[in-house]
Amino acid sequence: MATRHFAVIGLGRFGSSVATTLVELGQDVLGVDRDGANVQALADRVPHLLTLDAMDRRALVEAGMADIDVAIVSIGTNVETSLLIVMTLKELGVKQIIAKATTVMHGRILEMVGVDRVVYPEREVGRRMAHSLVVPNLLDYIGLSSDYGIIEIPAPAALVGRSLRDTALRATFGLTVIAIKRRGGSGQPMATLVAPSPDERIQAGDTLAIIGGNRELADFEKTLG
């Protein structure tokens, strides 16, 4: 995995989670917040931290923001502030900008000023919870867009022993198994089969990652229920 230079602006719950996870993934991360308490809280988990006001263009320049590959703007409570920061980052030539939005209108405005990706953390949490209420065994749900998502579930007993082709998930629901997590033997780590063959047989204890339209995923979840 190639190392890239990330900047996370705004170190609240969402920003701090993004920053620490990127560090765990071996990436170079600069965390920025104007609140010294937020910065201090990450002192032992994020190597590069700065207390500064991201509204200050000169401060961003001095921080080396022009050399950042990806900037994540996780300031969602003040729409004007997040927009001005995004515009400054665009002027400085940051290659990719991801921004947190709290409302659909906020997200649309961010897209209008050139944000590469808009993230709605609260909405994603709500979607995960709703899916977990429908499917108690659901391990995770990832929303890719308003129409598509990925669910991760333990292999249903009805599918164990059958090949992916025989399950007819695509023909019946329009869904695709994109990965299978499988426990190894005694003392062996879990293996992940990415883009498994149609002839791959599902085993007891497998975890399936399935991609498809949200409606189709819901239909499949109802069938499981």
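About the cut-offs
Residues numbered from 1 in each chain as written. Predicted model: local features only at pLDDT ≥ 70, side-chain atom pairs only at ≥ 80, totals over all residues. Heavy atoms only, no water. Helix = DSSP H or I, 4+ residues; strand = E, 2+ residues; numbered from the N terminus. Buried < 20%, exposed > 50% of the residue type's maximum accessible area, 1.4 Å probe, protein only. Polar contact = N/O pair within 3.5 Å; in protein donor to acceptor, adjacent residues only side chain to side chain. Contact = heavy atoms within 4.5 Å. Phe/Tyr/Trp six-rings, centres within 6.5 Å; stacked < 30°, edge-to-face > 60°. Patch = residues over 30% accessible without salt bridge, like charges linked within 9 Å, V, L, I, M, F, W, Y side chains within 5 Å. Areas by Shrake-Rupley, 256 points an atom, 1.4 Å probe, with all protein chains shown as cover. Salt bridge = Lys/Arg side-chain N within 4 Å of Asp/Glu carboxyl O.

Asker: So, the side chain of Arg182: which residues are in play, and what are the values?
Answerer: Summarising the element assignment, Arg182 is placed in strand β9 (residues 176–182). Residue classification places Arg182 among the buried residues on the basis of a relative accessible area of 14%. Within the structure, the side chain of Arg182 is placed 3.0 Å from the backbone oxygen of Arg201, a separation counted as a polar contact. Contact partners of Arg182, with chain neighbours within four places excluded, come to Met190, Ala191, Leu193, Glu200, Arg201, Ile202, Gln203 and Asp206.

Asker: Provide a residue-level description of the packing of aromatic side chains, including the pertinent values.
Answerer: With the rule as written, the count across this model stands at 1 aromatic pair. Between Phe173 and Phe220, the ring centres sit 5.2 Å apart and the planes meet at 70 degrees, which makes this aromatic pair edge-to-face. Of the two residues, Phe173 sits in helix α8 (residues 169–173) while Phe220 sits in helix α9 (residues 214–224), which places them 47 residues apart along the sequence. With relative accessibility at 17%, the residue Phe173 sits in the buried group. Classification of Phe220 by relative accessible area gives buried; the value is 4%.

Asker: Break down a nonpolar patch on the surface for me, citing the residues and quoting the values.
Answerer: A surface patch of nonpolar side chains, amounting to about 240 Å² of accessible area, comprises Met55, Leu84 and Met87. You can see Met55 is positioned in the loop between β3 (48–51) and α3 (57–62). Met55 gets classed as partly exposed once you look at its relative accessible area, which sits at 37%.

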